[in-house]
Amino acid sequence: MAPLLRRAPRKNPADRTVTLIGKPGCHLCDDAQRVIEAICAETGAAWEKKDITEDEELYRKYWEQIPVILVDGAQHDFWRVDPQRLRKALGA
């Protein structure tokens, strides 16, 4: 099979990290956190939360999209988290 057609091996969900970028008092961020916590508990993926008001670069890049969800540092979603899509992105 040609190298371009090969699929990359799937990562184990336990080796993945989900990052929630949000701000205090944001109801969409709270909703996103609940979904992320549940999916990460289910799949074994790690997750972290970053406050956009404490990081100038994140603020500049994502302010109009919060909450923003990253999977292994790559933007996955914003505003709302689709549980099915997140599970799939984590390889579960």
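The rules we used
Residues numbered from 1 in each chain as written. Predicted model: local features only at pLDDT ≥ 70, side-chain atom pairs only at ≥ 80, totals over all residues. Heavy atoms only, no water. Helix = DSSP H or I, 4+ residues; strand = E, 2+ residues; numbered from the N terminus. Expected span 1.5 Å × (residues − 1). Buried < 20%, exposed > 50% of the residue type's maximum accessible area, 1.4 Å probe, protein only. Arc of directions from axis to C-beta. Contact = heavy atoms within 4.5 Å.

Between the first and last C-alpha of helix H1 (residues 27–43) there are 24 Å, a value that for 17 residues agrees with the 24 Å anticipated at 1.5 Å per step. Within H1, the full set of buried residues consists of Leu28, Cys29, Ala32, Gln33, Ile36, Ile39, Cys40 and Thr43. Projected down its long axis, H1 shows its buried positions confined to an angular sector of 145 degrees, all on one face. Those residues of H1 that are exposed and angled more than 90 degrees off the buried face are His27, Arg34 and Ala41. Check the buried side of H1 and you find it contacts strand S1 (17–22), strand S2 (46–51), strand S3 (68–71) and helix H3 (83–90). Once H1 finishes, Gly44 follows within two positions and takes phi at roughly 90 degrees, a positive value.

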